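Okay, here's what each chain looks like letter by letter:
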Amino acid sequence: MTALNLVATRDGLARVDGTDAVLLDLPYGDVAELLAMGEGFAPAPDAEELRRVPLADLEGDLLAPLARTRAIWGVGLNYHSKAELTGRPVPEEPILFLRALSAVSAPGAEIELPQDRSGQIDYEAEVAFVVGRRMSCVRPERVWEHIAAVTAANDMTARDVMVATGTPSLAKSFPGFGALGASVLELAGLPDPGDIPVRATVNGVVRQDSTTAELIFPVPDLISRISRFAVLEPGDVVLTGTPAGTGQDRKVFLGPGDEVEITVAGVLPLRTRYRSAPGHS
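Novice: Could you clarify how one ought to interpret the overall build of the protein in this entry?
Specialist: Assigned secondary structure in the protein consists of 6 helices and 18 strands. Expected size for 281 residues packed as a compact globule is a radius of gyration near 19 Å; at 18 Å, the protein falls within 12% of this value. The burial tally for the protein puts 56% of its 281 residues in the buried class. Here the contacts in the protein between residues at least 6 apart in sequence split such that 73% fall between residues at least 24 apart. If the 25 positive side-chain charges of the protein are averaged to one point and the 38 negative ones to another, these points end up 4 Å apart.

Here it is in structure tokens:
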């Protein structure tokens, strides 16, 4: 059976089928709500297909597919390329944080830059995993049994706020800073879940290009460590870090009119545009 790749629309969940989205008769507002039922993707394959819509017609109109998640975990400095570029030592333990759920934004959204509070707003291309089964003290070798899906994330950060406060959650929780999507791909759709390509372009120019094979803490190890301290529930999201090539690395940060596109193998591209806050140009 073909792995499911789901998007959230104003009319409900839809299955990606080539260049079309097939609307499904499911009573869930997004993929996180579907997974929270504890059955993984099981209800989706047998759902009645209501109608077919070209994906192009949904451009800019998709909803955040994981807006109803209970938790979004992130990790700092988890790519060898990033550590090597910055000259920072490889951490002995993951640098973990939680992001405010109010920061989640939809695919294709236009985000207002908080220029009155930050002059160093950065993009971060990341592979995100979605929990399918409850996790508590799960060993690394059993982690994949508990993961339902993968998606793309733009783990935006206000770098100067990070330095000033020492608090990743504050630097990453401005409205719109947590873009997820555009689709959520069932884990079975990945040829190798330990080697997933991830790329970021800014205004069409490739700035980040790597794979999760370069992670300092591989996915099973990373998620296992989190589960030792916090229970992970179905629908929870775990981001895995960003490779070298961010604005911080280039000393060039985001500004009004910029567009970032994050691509993760098998997932629809995640695009985000940026505009000035009122009173800023």
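Having put the structure on the table, let's press on.
Novice: Can you help me understand the nonpolar core in this one?
Specialist: Generally speaking, a soluble globular protein has its nonpolar side chains buried in company with each other. Of all hydrophobic cores here, the largest spans 52 residues; its most connected members are Phe129, Val150 and Ile223. In contact with Val150, other than residues within four places in its own chain, are Val127, Ala128, Phe129, Ser183, Val184, Leu185, Leu190, Ile196, Val264 and Val267. Counting residues in hydrophobic clusters, the runner-up holds 27 residues, among them Leu35, Ala47, Ala153 and Val237.

Novice: Just checking my understanding: could you explain the layout of surface pockets for this structure?
Specialist: Taken as a whole, the largest pocket spans an internal volume of roughly 370 Å³. What lines the largest pocket is a set of 21 residues, among which Gly76, Leu77, Arg88, Arg159 and Met162 lie closest to the centre. Elements represented by at least two residues in the lining of the largest pocket include exactly β5 (72–76), α2 (80–86), β6 (95–98) and α3 (159–165). In terms of residue count, the dominant contributor to the lining of the largest pocket is α3 (4 residues). Here the lining of the largest pocket is built from residues that sort into 7 nonpolar, 7 polar and 7 charged.

Novice: It is not clear to me how the pairing of strand β11 (residues 147–155) should be interpreted in this structure. Could you clarify?
Specialist: Side-chain positions along a regular strand alternate between the two faces of the sheet. Counting buried positions over the 9 residues of β11 gives 9, a clear majority of the element. Looking at chain direction, strand β10 (residues 125–131) and β11 are connected through 7 bridges and run antiparallel. Residue pairing for β11: Glu126 is matched across the bridge by Ala153. Note: β11 against strand β13 (residues 178–186), 6 bridges, orientation antiparallel. When the bridges of β13 are listed, Ala152 appears paired with Gly181.

Novice: How should the packing of aromatic side chains be read in this particular structure?
Specialist: In this description, a pair of aromatic rings is defined by centroid distance and the angle of the planes. In this structure the tally under the stated criterion is 2 aromatic pairs. Between Phe174 and Phe177 the ring centres are 5.1 Å apart and the planes differ by 50 degrees, which places this aromatic pair in the tilted class. When sorted by exposure, Phe174 lands in the same class as Phe177, which is buried.

Novice: Please clarify how the side chain of Ser210 should be interpreted in this entry.
Specialist: The residue Ser210 is located in strand β15 (residues 205–211) in this model. Ser210 sits in the buried class, given a relative accessible area of 15%. What Ser210 contacts, discounting residues up to four positions off in sequence, is Tyr79, Ile196, Pro197, Val198 and Pro243.

Novice: Would you take a moment to explain unusual backbone geometry for this structure?
Specialist: Glycine aside, residues mostly have negative phi angles, and peptide bonds mostly take the trans form. Of the consecutive residues Gly181 and Ala182, the connecting peptide bond is found in the cis state with omega at 0 degrees. Inspection of the secondary structure assignment puts Ala182 in strand β13. If you check the backbone angles, Asn203 has positive phi at about 55 degrees while not being a glycine. Among the structural elements, Asn203 can be located in the loop between β14 (197–202) and β15.

Novice: How should I be thinking about the sheet that holds strand β17 (residues 259–264) in this particular structure?
Specialist: Sheet strands line up and pair through hydrogen bonds in the backbone, either parallel or antiparallel. Here 5 strands make up an open sheet; going across it, the order is β8-β18-β17-β14-β15 and the pairing mixed. Looking at the sheet topology across the chains shown, the edges are occupied by β8 (110–112) and β15. Taken over all neighbouring pairs, the strand axes of this sheet differ in orientation by 20 degrees on average, direction set aside. Pairing between β17 and strand β18 (residues 270–275): 4 bridges, direction antiparallel. The residue of β18 that forms the bridge with Glu261 is Arg271.

Rules used throughout
- Residues numbered from 1 in each chain as written.
- Predicted model: local features only at pLDDT ≥ 70, side-chain atom pairs only at ≥ 80, totals over all residues.
- Heavy atoms only, no water.
- Helix = DSSP H or I, 4+ residues; strand = E, 2+ residues; numbered from the N terminus.
- Rg over C-alpha atoms; globule rule 2.2 N^0.38 Å.
- Buried < 20%, exposed > 50% of the residue type's maximum accessible area, 1.4 Å probe, protein only.
- Contact = heavy atoms within 4.5 Å.
- Lys, Arg positive; Asp, Glu negative; His and termini not counted.
- Charge placed at Lys NZ, Arg CZ, Asp CG, Glu CD.
- Core = buried A, V, L, I, M, F, W, Y, C linked by side-chain atoms within 4.5 Å.
- 1 Å grid on protein atoms, 1.4 Å probe; cavity = no way out; pocket = protein on both sides within 12 Å on 5 of 7 lines; lining within 4 Å.
- Points joined across faces, edges and corners; volume = space filled by probe spheres on them.
- Nonpolar A, V, L, I, M, F, W, Y, C, P; charged D, E, K, R; others polar.
- Pairing = 2+ DSSP bridges.
- Phe/Tyr/Trp six-rings, centres within 6.5 Å; stacked < 30°, edge-to-face > 60°.
- Axes fitted to C-alpha atoms, helices over the stretch in contact; angles between N-to-C directions.

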